[in-house]
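Geometric and topological summary
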Amino acid sequence: MNKIRAAVIGGSGYTGAELARILSLHPAADLAAVTSRANRGRALSELFPHLNGICDLAFEEADPVSLGKKVDVAFTAVPHAAAMAVVPELLASGCRVIDLSADFRIRSREVYEEWYVPHTAPELLADAVYGLPEIRRKEIAEARLVANPGCYPTSIILAAAPLLAAGVIDPDTVIADSKSGTSGAGRGANVATLYCEVTDGFRAYKVASHRHTPEIEQELAGACGREMTISFTPHLVPMSRGILSTVYAGLAGDISAAGVMEIYEKAYADEYFVRLCAGDALPATQYVRGSNFCDIGFRLDRRTGRIIMVSAIDNLVKGAAGQAVQNMNVMFGLDEKSGLLARPLFP
Ligand SMILES: NC(=O)c1ccc[n+]([C@@H]2O[C@H](COP(=O)([O-])OP(=O)(O)OC[C@H]3O[C@@H](n4cnc5c(N)ncnc54)[C@H](OP(=O)(O)O)[C@@H]3O)[C@@H](O)[C@H]2O)c1
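Residues numbered from 1 in each chain as written. Predicted model: local features only at pLDDT ≥ 70, side-chain atom pairs only at ≥ 80, totals over all residues.

Structural notes on the site of the ligand
Basically, it comes down to this: In this entry, near means the residue's backbone-placed C-beta atom lies within 6 Å of the molecule or strand. Each helix corresponds to a stretch of at least 4 residues labelled H or I by DSSP, and each strand to a stretch of at least 2 residues labelled E; elements are numbered beginning at the N terminus. Gly falls in the polar group here, along with every residue not listed as nonpolar (Ala, Val, Leu, Ile, Met, Phe, Trp, Tyr, Cys, Pro) or charged (Asp, Glu, Lys, Arg).
Around the ligand, 29 residues are found, and the nearest of them are G10, G13, A82, S101 and G186. Those elements giving two or more residues to the shell around the ligand turn out to be α1 (14–23) and α11 (317–331). Its residues assigned to classes, the shell around the ligand shows 10 nonpolar, 17 polar and two charged.

Structure representation (structure tokens):
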């Protein structure tokens, strides 16, 4: 079988480099093109020396029409708004698209425009499939356009969706408190992520206003079958990678820890990339670093009548590039684990 040919639009960013790293070990896919406006002609490994001798492709200009004809799949690893500027032409040229930005994650144009910017390709919203394989595998397999989930949403939805679907938590009580390493903000120069602004400290940001909120609400509403709102507070912590989400919710009735574990086990029995923490164990970012795993654990708090769910992912892998490759594997009928067997890097 011929290998799948892939392009990364926005290959000079953190998720683009992570796609190149993962695809370099993929047995059934080759990276055929990487683009960057600012680095045209330079080798990817010049910008990212950890990929020296592993991916020495030169950056080219993003011409979606010719790229779309040249490859089977394009990963758009560019900021929101920039993605929807190229996705229609990529699709029209015949390739399938996995978009890492937020442009196609929100089904409602009105909601997208309330949180982001005016949408320039709203006709594609109905076709786009939210790319969380553990929840939408069948639709992803058929999709031309997959909207790869946000990093915070991946960690929160995987923890809360099974319990919402089972009706054991009250949808009106969900609070997600998440902490992310600074690679979540991308590689672009930004005062907020300078060493001195981030190191030796820990801060909340975009409180009650982070753009991932409507995406989390949309997918959790799908799980529980009715509209719901959440409180979501992201924090920036001085580490390069990783997200830890602590999700609190009121219990809807009496349930034991064994009962909760049974729900998770049933939901994720066949999901290689979701690992449940048993006994005294709880997830931590250092146990998933560099891997496509999402670790989930929980505690019941009898005193308050709440459950506290904890999940950990690597924001650049299960939160972005790894999940994108997992989606590609589903779309092209490959083993879902292809290229994604990297073990967590600890310590
Ligand atoms: N970082 C994460 O943990 C993470 C997780 C999930 C999803 N995402 C999403 O994935 C996308 C990429 O994130 P990132 O962290 O890799 O960002 P990044 O490090 O800032 O890289 C952005 C890339 O997009 C290109 N780019 C920037 N502005 C552009 C524009 N207006 N038009 C075309 N290309 C443009 C840049 O190269 P040139 O400027 O040279 O063209 C660069 O290659 C974003 O939508 C982000 O929200 C990121």
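Regarding the sheet that holds strand β2 (residues 29–35)
Sheet strands pair by backbone hydrogen bonding; their relative direction is either parallel or antiparallel. Heads up, the condition is: One requirement defines pairing of two strands: DSSP has to find at least two bridges between them. Placing a C-beta atom from the backbone of each residue, one calls two residues in contact when those atoms lie within 7 Å. Orientation is described by lines fitted to C-alpha atoms, with helices fitted over the stretch in contact, and by angles between N-to-C directions that extend from 0 to 180 degrees.
Overall, parallel pairing links the seven strands, which are arranged β3-β2-β1-β4-β5-β7-β6 in an open sheet. Looking at strand neighbours, the two that pair on one side only are β3 (59–60) and β6 (129–130), the edges of this open sheet. Those strands touched by α1 are β1 (4–9), β2 and β4 (73–76), and its axis lies near 155° from that of β2.

A short note on unusual backbone geometry
For residues other than glycine, phi is negative in most cases, and the peptide bonds are mostly trans. Inclusion rule: Our exposure labels follow a C-beta count within 10 Å of each residue's own C-beta, placed from the backbone: buried means 20 or more other C-beta atoms, exposed means 12 or fewer, and partly exposed covers the counts in between.
Following F346, the chain continues into P347 via a peptide bond in cis, with omega recorded as -5°. In the Ramachandran plot, D200 falls in the positive-phi region, its phi being about 55° despite a non-glycine side chain. Locating D200 in the fold gives a position in the loop between α8 (195–198) and β9 (203–204). On the basis of neighbour counts, which here come to 7 C-beta atoms within 10 Å, the residue D200 falls in the exposed class. For K206, which is not glycine, the phi torsion reads 45° and is therefore positive. With respect to the helices and strands, the residue K206 is situated in the loop between β9 and α9 (213–224). Looking at K206, the number of C-beta atoms within 10 Å reads 13, which means it is partly exposed.

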